[in-house]
Structure formats: structure tokens, C-alpha cells
Amino acid sequence: MSRETSEQEQAPGAVSQPYIVRVSRTFIYISLLTSILLAFTIGRAARIILMKGPRRALLAPHDTSAMFVRPEHARPSLPHPQLIVGKEVPRTLYTAKNFDTAMGASTASVYLEKSVDSASNSVKVSNDQKSDDGKSFCKADQGGDKTCSRGGSGNSVDIIAPNNSDATLSGEEAPHLPAGQHLLVDIKNVDGTFLNSELRLAQAMVDVVNQSKLTLLSYHCHKLIPMGVSCVGVLLESHISFHTWPEEGVITLDLFTCGSGELVPVLPIIEELFAIPIEDGNAADPPQLLWSHKLRGFNPEPSVLGDDLGQFVLERSQMDLKVEVASTKTKFQRIDIYDSIDSSARDYLSYMKSLDSKHTSYESLHPELFLPEREVYLDGVLQSTRYGNEPYHEALVHPSMFSHPNPKRVGIIGGGEGATLREVLKHKSIEVATMIEIDEEMVSFSRKHLPDWNTCSDIKGSAEWCGDDTRARIFYEDGVAWFHDRFSDEALSASNGLKEERFDVLIMDALDPQDNVPFADILYTNEGFIKTLYNALTDNGIIVMQLGESAENLGPPEEISRNSKRSFVMHVFERIGFTNVHVYEEGNCHFRGPWSYAVAMKSNETESLWYRSSAEIDVEVRKRILPTVSGKPALKNFDGTLMESYQNPPKSFELVYCRATPVPDSCKYLLGHDKIAITPEGRKLYDPIIDRHSPREGGICDYVSYVMKRGHRYDSLPQEVKMMCN
């Protein structure tokens, strides 16, 4: 620019001229292309770093990424979800996004689509694998998200049900609470070809849902590299999913529902469809299942599946064997029977050997020693076990029977399994054994599925089923009403003679007093009922009842604990006229804890027989018990030595007894208090302190002599102690 021009521009009043920049079209194209390439390079580098990590990102340019080169794989046409007859497609919103992964050989999503054809009124099921014309069934945005509206008419839709289902379910479902059931299933020794087939596995999953009468809204599957399949299905009720390891022959599956239907009955369906045996090789082990069932969420209503049945069986996953033998619901209760092998208690391999009759192993020669544990649950509460069968029922029956000089007539309240009747019929002196059981279906069910409990085939002169013994009578009636009609004060005063002869021994084998059900309250807190039992006994009669799980050493007084019904019974025994009460326990009932019993006597003659020596009891066993056909001992657990252990109450009952308010006098004395309160009345009927320290050798009287030498005054002793040691 010349000097003159500069001067002109700087001159006052001069008009400035704008700059004009001319850019060529080639420069624009080059700049735009450079920006695109730079953005692509930065984005790709960031993606590799995020997907592979900083270390592997440096090697990524030298690899052929599976993200971009997918192996050739024929995408199968997966089965469609089906709708059960009578159900309607729910009003839902389906949203899905497919992510490209390095390990996936293929992915597929299938979902239930309600598209009502005006002509045929049919329902279509959609699949996002593309239709014949190459178009997706659902609209997708630029990000790959798919949104499909389904349902909406509110009318029931008729769809062909699966072949194995002829049920018609109501389209109106119960409200889904914030609670559910979770079924976890692990299966090994499964055919590897099946576990690597996306199509076969998807079909099995759809069939499980259909046969379980659930509603499959959609599902998504990945076939992995080099092998394995993962699928997850969204149910109207919640979800189903699984993953496979074909090389290991293993599949893990879980099914969660928040509906009211139970999941345990689905197990046979899962086993049938997923436990496919290995095809090649005859020596392959059969498929084996491990499963667990759990209650989830917050359900305000108690469930039988959450009681003992859930705690001891259903929720435990590490059992080598867990099989439902039978389940039914009678007019009065639900009955569940399970076989199980707990690896911490029994050996599964020994059980399998015992089934092999071709070899002469010890297990195959003695299969009865390796049977699975069989457990019986009533309304979810454990009632009896195979390996605790004899210990429990022998402890219930024989201590009272051998404490009576000559028991001829015995009454049984409850005892639907038949085992209590079996033990009574082993005595030669029995003329009539009367069982009053309200639930006839329970007796029939036990006869079919619990034959070891109620067979008398090994008792000489008896019958195959104990109920067919000529000495046995069974009344399928309410026991409370049965005794009230015959032995209540009103019935005895109104009748000219007894409707029923009195019993020498009464055995109550009914619900546990800890059960929180109305019928348990009637049995254990109804003083009128207990009075009818007292009236039903002869003058030297005995009543025995099981009292549930034993007290705990650190437990509170029974009056204020869950054992309050047991405490009430003890007080009632004293009020209505029994002269002696004893509490004892048996630790081999397989109830996860020692079990307690109470025996109450009307005369002192039976009290003296209670304290016979072990040798005397053994002699009585040989004299009184019928011989067996097999020549084996009729009593598997009970003998004189065991009876001696029953003669002293458990220490735990003494401890909780002494925590009562006010503290009993006998407890004050034995606890070593300096000042002893003097009790004007005599010995209480139920006093485990006195029972444990009775005036036998080494008992409480020897202890009296010892403490008196230490300075205690004789007149400070409780009245009952002075009466015993005078």
C-alpha cells in the first residue's frame, strides 16, 4: 500500500472501505474433510479405549476386531411367545436396544405383539430379526431404540393353548404384591450339543413358560463365542433367564414370579425340558439337579413355604438330593413329603451305590442304611422324619406304657401317620387301641406314601397295616368333640352309664404347642378339654403329650415366651387333680433340636414305676413286648438305660423355671441364697428342681446335709424340702 493511500485513509472525513476475503471451493472441501477425519479418529480411539482399556488399545490397530468382523452364522428363527387360553395381552410398552458385543455370535429379541386383524381377530407375535420384506416389525429411531405399544383392547383373546394344558385361566389376575417366589436351578451332566443350540434352548424356555401358565412378553438371546448361550425372558409376572456352559455340561436357570402360583411344581417341567442326558456314551452320569426356592419381598400374609418347609428344605441349595415325594391339601391341612440328602449328614455316592443291585458292595447289600431322609410337613411345619421315626414315637409311647402296671386300653389323639398306633400295638397287654384322628385323608395319604410309619407286618399276630389290627379302632372325628361327648362333666352326669370305657393311657400326638394356629390353642389352652381327658382315665391312668422343642438354657420364663401354652398345660394338670407330672426330652427325633414330652399321673403307684431301674425296665421290655417275625428287636431306640435318662428333667427346664417371677422357693434354696423364704404349701406338682434333685441317692437330701454343715438353719428350708428329707 502506497504512502499516499495511507495518508488518504487517515485523513479526517475519509470513508473506510471493507476487506473482501475470497476463499476457493477447494479449500472448503479440504477443511471439511479434514474435520470429519479428525473427529472420526478421535471418536474411534475413545471407543477402543473404553471397550478394550488403555493397554490393549495400543494393539487394537493390529487386530481384526470381532466388533466389525462377525463370523458367519445362520440366524435361526426362534420360537414365538404364546398366550394361554383366556388370558389377554397386557397393555405394555416394549423398549429394547441391541448392543454389538465382541463375544456374541448372534443376538435375537422376540416379543409378544398384539395386532388384531379385523378379519380374523388374530394375534401376531413379533420378532425383531426382520420380516420377509426386510423391514422391522417395530419402529426404530436413529439410535437403534425400538418402541412398540401392545395391548389395549381389554378384551380376552383366544389363543391356542399348548398341547399339555387344557386349563382356561381367567384374564383377570390377582393384584401383584411387592413379594414373590424365586426358583434357582443348577443342572449338570447335560448334553453339550443341546446347551449350545440357541434354538433348542429358546424353545425349552418358551415351553417352560407355557406349561407353567405364565405370560412371556419378550425374550432376548445371545449365542456366545466360542460356545454357550445366554437368554433372558421378561414375564408379565417377572422374569426367566439362563446361561449354559456346553463344554462342562452345566446350565444355571432362575425363574422369579410375583404372582400367587407356586413355583416348586414347575421343577418337573424344567427337569424334563432342560435336563437332557448326554447322547454320546452309555457310561455318562445322568443329569443332576441342585435347586433352591426362596420367598422374596414383603408379603403381609404368612406362607407355609416360609416355615420349616422353606427353612429346612426349599431354601437350601447345597443338598445332593431334594425331591418332592408327594403333596396334597386335605379339608384340614396341607401335607408335603420330601426326600433329601444333606451332604453334611449323609453320602449321596453311597446312596447311588445302594441302588446298584448288580454289584455286591456293602451299600447294595444294606440299602436300608443309605436311604434319603424323608420328612413330613403339615402346613409347612415339620412333623416327622424317617430317621427320627422310631426315636420320636418310642419316646412318646413307651415311658408311659411301662409306668402303668397293666395297660389294656389306650387312646390316641391325632397320630394320623399311624406310627403311634404301631408302637402301642407292640404291647402284649393291649386289648383296645383307639385312635381319634380328624383328617381321614391324612391317614390314607400316610398309608400310601409313609408305609414304614404305619406297617405292623413285623409284629407277630398283627396286620400289614396297623389300622387293620383286630385290636385297633379308628374314629375319623374331632378329638375335642369326641372326648367332650363322652367324658365331659355334663356328659358323665347326664348319662346312666359310660358311653366309652375309660383308658389306662392317653397319648396326645397332635400339633406342637408352639404352633400359632387356632387348633393348637384349643388343644393346649382349653382347660375344659384337658379336664375331659382327666375324666377319661382310669384311677391309675396316665396321659402323655409331646410339648414341642425343648426349652433353651438362656430362654426367658415360659409364661412370657412362645412356650406359654406349655406352661399353661402344667398349671392345668395341677388344678384338675393329677398327682405327678414329669418332663423329659429326646434328642434323636431329627427335628433340628431336642424334643420335649410331659407325662401326668393320677396315682402314686405309677409314680413309683416311673423310677424303676434300667435293669427292671429291660426285664419288663422282654416280658411285655410282642416278638417280631424277622427276629429283630421290636424297639429300635427305647431301653432301660434310655428310660433312666428320662427320669430327670432337662437342665434347660430347670433354668427357665427358676427365672419365673416370683422365684420359686426350691430355686431360692438350690441357688444358694442366704435367706430362704418359707413356703406354707407343699411341693408343687410341676417342679423340675425337685425332680432333678429327688430324694434318691446323691439327690437333694444329701445336698441339704451339705449346706446345713455350712451354717444354714433347718427351719429356713422350704416346706417341700423339709417334707421330703424329714
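Rules behind the numbers
Residues numbered from 1 in each chain as written. Predicted model: local features only at pLDDT ≥ 70, side-chain atom pairs only at ≥ 80, totals over all residues. Heavy atoms only, no water. Helix = DSSP H or I, 4+ residues; strand = E, 2+ residues; numbered from the N terminus. Buried < 20%, exposed > 50% of the residue type's maximum accessible area, 1.4 Å probe, protein only. Phe/Tyr/Trp six-rings, centres within 6.5 Å; stacked < 30°, edge-to-face > 60°. Core = buried A, V, L, I, M, F, W, Y, C linked by side-chain atoms within 4.5 Å. Contact = heavy atoms within 4.5 Å.

*Asks:* So what about unusual backbone geometry? Which residues, and what values?
*Replies:* Trans peptide bonds make up the majority, and among non-glycine residues the majority have a negative phi. A cis amide bond links Ile 225 to the next residue, Pro 226, at an omega of 5°. Inspection of the secondary structure assignment puts Pro 226 in the loop between β6 (216–224) and β7 (229–235). Note that the residue after Thr 661, namely Pro 662, is joined by a cis bond; omega there is -5°. Within the secondary structure, Pro 662 is located in the loop between α22 (651–657) and α23 (665–670). The phi dihedral of Asp 379 falls on the positive side, at around 50°, and the residue is not glycine. The topology assignment puts Asp 379 in the loop between β13 (373–378) and β14 (381–385). Judged by its relative accessible area of 35%, Asp 379 falls in the partly exposed class. At Arg 592, a residue that is not glycine, the phi angle is positive and equals roughly 70°. Residue position: Arg 592 is located in the loop between β20 (580–586) and β21 (595–601).

*Asks:* How would you explain the packing of aromatic side chains if you had to name every residue and give the values?
*Replies:* In total, this model carries 20 aromatic pairs according to the counting rule given. Seen in terms of ring centroids, Phe 194 and Phe 274 are 6.3 Å apart; in terms of plane orientation they differ by 65°. Their pairing is edge-to-face. Taken together, the residues span a long stretch of sequence, with Phe 194 in helix α4 (residues 192–195) and Phe 274 in helix α6 (residues 267–274) at a distance of 80 residues. Aromatic side chains Phe 483 and Phe 487 sit 6.1 Å apart centroid to centroid with 35° between the ring planes, which places their arrangement in the tilted category. Taken together, the residues span about one helical turn, with Phe 483 and Phe 487 both in helix α14 (residues 479–487) at a distance of 4 residues. Judged by relative accessible area, Phe 483 falls into the buried class, the value being 0%. Residue classification places Phe 487 among the buried positions, given a relative accessible area of 0%. Connected via pairs of aromatic rings, a cluster forms that spans Tyr 392, Tyr 584, Phe 591, Trp 595, Tyr 597, Trp 610 and Tyr 646.

*Asks:* I'd like a description of the nonpolar core, backed by residues and values.
*Replies:* In terms of nonpolar packing, the biggest core is built from 89 residues, with Tyr 219, Phe 242, Phe 274 and Phe 638 touching the most fellow members. Among the elements that make up this core, the one with the highest residue count is helix α5 (residues 198–211) (7 residues). Other than its neighbours up to four places away in sequence, Phe 242 contacts Leu 201, Met 205, Val 229, Ser 230, Cys 231, Ile 251, Thr 252, Leu 253 and Phe 274. If you look at the next biggest cluster of nonpolar residues, it comprises 40 residues, including Met 545, Leu 547, Val 583 and Cys 658.

Just geometry here; none of it tells us what the structure is for.
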